[in-house]
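A structural walkthrough
The residues making up each chain are set out below.
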Amino acid sequence: MAVLEKATPEGAHIAFERLRSAIEVFAFPQVGRVTISLGYSRIQATDSPTSCVERADAALYYAKHHGRNNVRCYEQLIAEGQLTAKDDGSQR
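Residues numbered from 1 in each chain as written. Predicted model: local features only at pLDDT ≥ 70, side-chain atom pairs only at ≥ 80, totals over all residues. Heavy atoms only, no water.

**As for unusual backbone geometry**
Non-glycine residue Lys-6 carries a positive phi angle of around 60°. Non-glycine residue Arg-68 carries a positive phi angle of around 55°. Relative to the helices and strands, Arg-68 resides in the loop between helix 2 (51-65) and strand 2 (71-73). Given the relative accessible area of 59%, Arg-68 is considered exposed. (Helix = DSSP H or I, 4+ residues; strand = E, 2+ residues; numbered from the N terminus. Buried < 20%, exposed > 50% of the residue type's maximum accessible area, 1.4 Å probe, protein only.)

Rendered as structure tokens:
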């Protein structure tokens, strides 16, 4: 888990995309090259301790099931109609 304080939505996406890209091209000594998928969500003032993590997790699972090796934002997936938000902010 990572928290990007005062990041804009665009800035957060750029930061996570840089991380994904850096890992993709790095040759790890024991395993060689690997890829990762990342999911993230904006922290809301009304969040419970787990609700933001649940939203980011929904975005991560979406990324894993839709091509892997990519970065997905929960709020963007909701806006695009790729995920449906429940009243508590989690994914359906």
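Moving on from the coordinates now.
**Considerations on the environment of Tyr-74**
Mapped onto the elements, Tyr-74 comes out in helix 3 (residues 74-79). For the pair Tyr-74 and Glu-54, spaced 20 residues apart in sequence, the C-alpha to C-alpha distance is 9.8 Å.

**Quick notes on the packing of aromatic side chains**
Here the structure, examined in full by the defined rule, presents two aromatic pairs. Relative to Tyr-40, the ring of Phe-16 lies with its centre 5.0 Å away and its plane at 40°, an arrangement referred to as tilted. Placement of the pair is Phe-16 in helix 1 (residues 9-25) and Tyr-40 in strand 1 (residues 38-40), with a sequence separation of 24 residues. Each member of the pair Phe-16 and Tyr-40 is classed as buried. Plain terms: the ring middles of Phe-26 and Phe-28 are 4.7 Å apart, the flat faces sit at 75° to each other, and that makes the pair edge-to-face. By relative accessible area, Phe-26 is classed as partly exposed at 44%. Note on Phe-28: relative accessible area 31%, which makes it partly exposed. Positioned above the aromatic ring of Tyr-61 is the side chain of Lys-64, whose terminal nitrogen or guanidinium carbon lies 5.6 Å from the ring centre. (Phe/Tyr/Trp six-rings, centres within 6.5 Å; stacked < 30°, edge-to-face > 60°. Lys NZ or Arg CZ within 6 Å of the ring centre and 35° of its normal.)

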